[in-house]
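Summary of the model geometry
The chain contents come next:
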Amino acid sequence: MSSPQTAPYYFVPGPSRWPMCAGMSMLVTMAGASGWVNSAPWGPAVCLAGIAATLVVLYFWFGDAIKESESGMYGRRIDLSYRWSMSWFIFSEVMFFGAFFGALFYARAVSMPWLADLDHKILWPDFTPTWGNTGPAGVVDGFQTMGPFPIPTINTALLLLSGVTLTISHHALRAGHRSKTAFWLFATILLGAIFMGFQVYEYMHAYADLNLKLTSGIYGSTFFMLTGFHGFHVTMGAIMLSVVLYRVLKGHFTADNHFGFEGAAWYWHFVDVVWLGLYVVVYWL
């Protein structure tokens, strides 16, 4: 692979079909999803077909970017551009989760005390502002709240450990130890997979034993939206790291030029930090 110093001043890719294909596939996905939630018989098939098409487009699109990188077309300025792009993407994800944490805070710190004040006692005399209630009107089926033990605490340990293994893998890559890089990167992906397995079990337990569902009032909706979207991000992070592992095994990246690895690592560490906040706010408070 050519050195970044010998790459063009700023590489400008040629015309590509992939942006338009990605837009069309995502349009099909959203059309299918809208039909699915509205019980249209064609909705599930169209949505899954759109997701499959999007994955195919991303496979070839990313493949083109990898070929450009490995052929030495990306210099320092492209590297800086990728770093800024990934930084802004992660910032957008911070805002995304911030909206859900904000909804949780508003429900607990503003809405519940307001619904239980003296002005509302005539309407809902039996309502108490305890988190995990069935609402002032009592229209939500009874449920039990989810505590921090044992699964959430185990998952916290798994994610914290995965951050350590990923850091070891990164240092190994910077030191030029490719086999060590691959081993610890695989360990990180495995820890993420175990995390998701525990979360699936937790959801099954919530539905079957606690009667805790997405429809269980504001508690159920915020619980499943926060933990569910975080689980989705863990899944996406594991996929990103799997692609990076494949590239490591193929001989890609060098000790000084490996932003593909670093970008995925940034994302994974962001997911770890979000979980720590989620673990405290959702399971403990």
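Residues numbered from 1 in each chain as written. Predicted model: local features only at pLDDT ≥ 70, side-chain atom pairs only at ≥ 80, totals over all residues. Heavy atoms only, no water.

**Here we look at the environment of Phe223**
Condition: Labels follow the DSSP assignment, with helices taken as runs of H or I lasting at least four residues and strands as runs of E lasting at least two, numbered in each case from the N terminus. Residue burial is assigned from relative accessible area. The probe radius is 1.4 Å, only protein chains are included, and a residue is buried under 20% of its type maximum, exposed over 50%, and partly exposed in between. Here, residues are in contact when the closest pair of their heavy atoms is within 4.5 Å.
Residue placement: Phe223 occurs in helix H6 (residues 217–249). With a relative accessible area of 2%, Phe223 lands in the buried category. Separated by 104 residues in the primary sequence, Phe223 and Asp119 place their C-alpha atoms 29 Å from one another. Sequence-distant contacts of Phe223, that is, excluding residues within four places in its chain, are made with Met146, Glu202, Tyr203, Leu212, Gly228, Val282 and Tyr283.

**Side note on the UniProt feature "transmembrane region" (unreviewed entry) in the protein**
How we decide: UniProt positions are given in the numbering used here, feature names are shortened, and annotations may be inferred rather than shown by experiment.
As recorded in UniProt, the feature "transmembrane region" (unreviewed entry) lies at residues 43–63, 84–107, 149–169, 181–201, 221–246 and 266–284. Counted over residues 43–63, helix gives 100% and strand 0%. Its end C-alpha atoms are 30 Å apart. A distance of 35 Å separates the end C-alpha atoms of residues 84–107, which is 100% helix and 0% strand.

**Topic: the packing of aromatic side chains**
Stated precisely, the cut-off is as follows: The pairing test for Phe, Tyr and Trp rings, Trp by its six-membered ring, is centres within 6.5 Å, and the orientation test on the planes gives stacked under 30 degrees, edge-to-face over 60, and tilted for anything in between.
With the rule as written, the count across this model stands at 28 aromatic pairs. For the ring pair Phe96 and Phe229, a centre distance of 5.0 Å and an interplane angle of 85 degrees mean the geometry is edge-to-face. Of this pair, Phe96 sits in helix H3 (residues 76–115) while Phe229 sits in helix H6, placing them 133 residues apart in sequence. Ring geometry for Tyr219 versus Phe223: centroids 6.2 Å apart, planes at 5 degrees, classification stacked. Here Phe223 and Tyr219 lie together in helix H6, a separation of four residues that amounts to about one turn. Neither residue differs from the other here; Tyr219 and Phe223 are each classed as buried.

**Thoughts on the pattern of salt bridges**
Under the convention used in this document: In the sections that follow, a salt bridge refers to a side-chain nitrogen of Lys or Arg positioned within 4 Å of a carboxyl oxygen of Asp or Glu.
Overall, the coordinates contain three salt bridges when judged by the stated rule. A salt bridge links Asp79 to Arg83, with the nearest nitrogen and oxygen atoms 2.7 Å apart. Taken together, the positions of Asp79 and Arg83, both in helix H3 and four residues apart, correspond to about one turn of that helix. Across the pair Arg83 and Glu262 runs a salt bridge whose closest N-O atoms are separated by 2.6 Å. A residue pair is termed long-range when its members are at least 10 positions apart, and Arg83 in helix H3 and Glu262 in helix H7 (residues 259–284) qualify at 179 residues. For Glu262, a relative accessible area of 15% gives the class buried.

**A closer look at H3**
Short version of the rule: Here a helix's expected span is defined as the number of its residues, less one, multiplied by 1.5 Å. We define the bend at each residue as the angle formed by axes fitted to the 7 residues ending at it and the 7 residues starting at it.
With 40 residues, H3 should reach 58 Å at 1.5 Å per residue; the first-to-last C-alpha distance of 57 Å fits that figure. At Ala107, H3 shows its largest kink, close to 35 degrees. Turning to H3, its buried residues number three or more, namely Ile78, Asp79, Met86, Ile90, Glu93, Phe97, Leu104, Ala107, Met112 and Leu115. On its buried face, H3 is in contact with H6 and H7.

**Quick look at the packing of helix H4 (residues 151–174) against H7**
For the record, the criterion: To get an axis, a line is fitted to the C-alpha atoms, and for a helix only the part in contact is used. The angle between two axes follows their N-to-C directions and goes from 0 to 180 degrees. Reported orientations rely on four angle classes, namely roughly parallel under 35 degrees, roughly antiparallel over 145, roughly perpendicular from 65 to 115, and oblique for the rest. Here a crossing is called left-handed whenever its near helix is offset anticlockwise from the far helix by less than a right angle, and right-handed whenever the offset is clockwise. Charged residues are taken to be Asp, Glu, Lys and Arg, nonpolar residues to be Ala, Val, Leu, Ile, Met, Phe, Trp, Tyr, Cys and Pro, and polar residues to be all remaining types, Gly included.
Between H4 and H7, the shortest axis-to-axis distance is 10 Å and the interhelical angle comes to 160 degrees. With respect to their mutual orientation, H4 and H7 come out roughly antiparallel. The interaxial crossing formed by H4 with H7 has left-handed handedness. For the contact of H4 with H7, a count of residues per class yields twelve nonpolar, nine polar and two charged.

**Section: the side chain of Asp272**
Formally: This count recognises Lys and Arg as positive and Asp and Glu as negative, with His and chain-terminal groups excluded.
Inspection of the secondary structure assignment puts Asp272 in helix H7. There is no salt bridge for the buried Asp272, and the closest opposite charge comes from Arg174, which lies 17 Å off by N-O distance. Dropping the residues within four chain positions of it, Asp272 is found in contact with Leu159, Ser162 and Gly163.

**Brief notes about the nonpolar core**
For clarity, the threshold we go by: In this text, buried Ala, Val, Leu, Ile, Met, Phe, Trp, Tyr and Cys residues form a nonpolar core when linked through side-chain atoms within 4.5 Å.
If you look at the biggest cluster of nonpolar residues, it comprises 45 residues, and the most contacted ones within it are Met146, Leu185, Leu212, Phe223 and Tyr283. Contributions of two or more residues to this core are made by H3, H4, helix H5 (178–209), H6 and H7.

**Description of unusual backbone geometry**
Each neighbour pair has its own omega, and for Phe149 with Pro150 the value is -5 degrees, a cis peptide bond. Phi at Ser39 takes a positive value of approximately 65 degrees, unusual for a residue other than glycine. In this structure, Asn211 is a non-glycine residue whose phi angle is positive, near 55 degrees. Position of Asn211 relative to the elements: it lies in the loop between H5 and H6.

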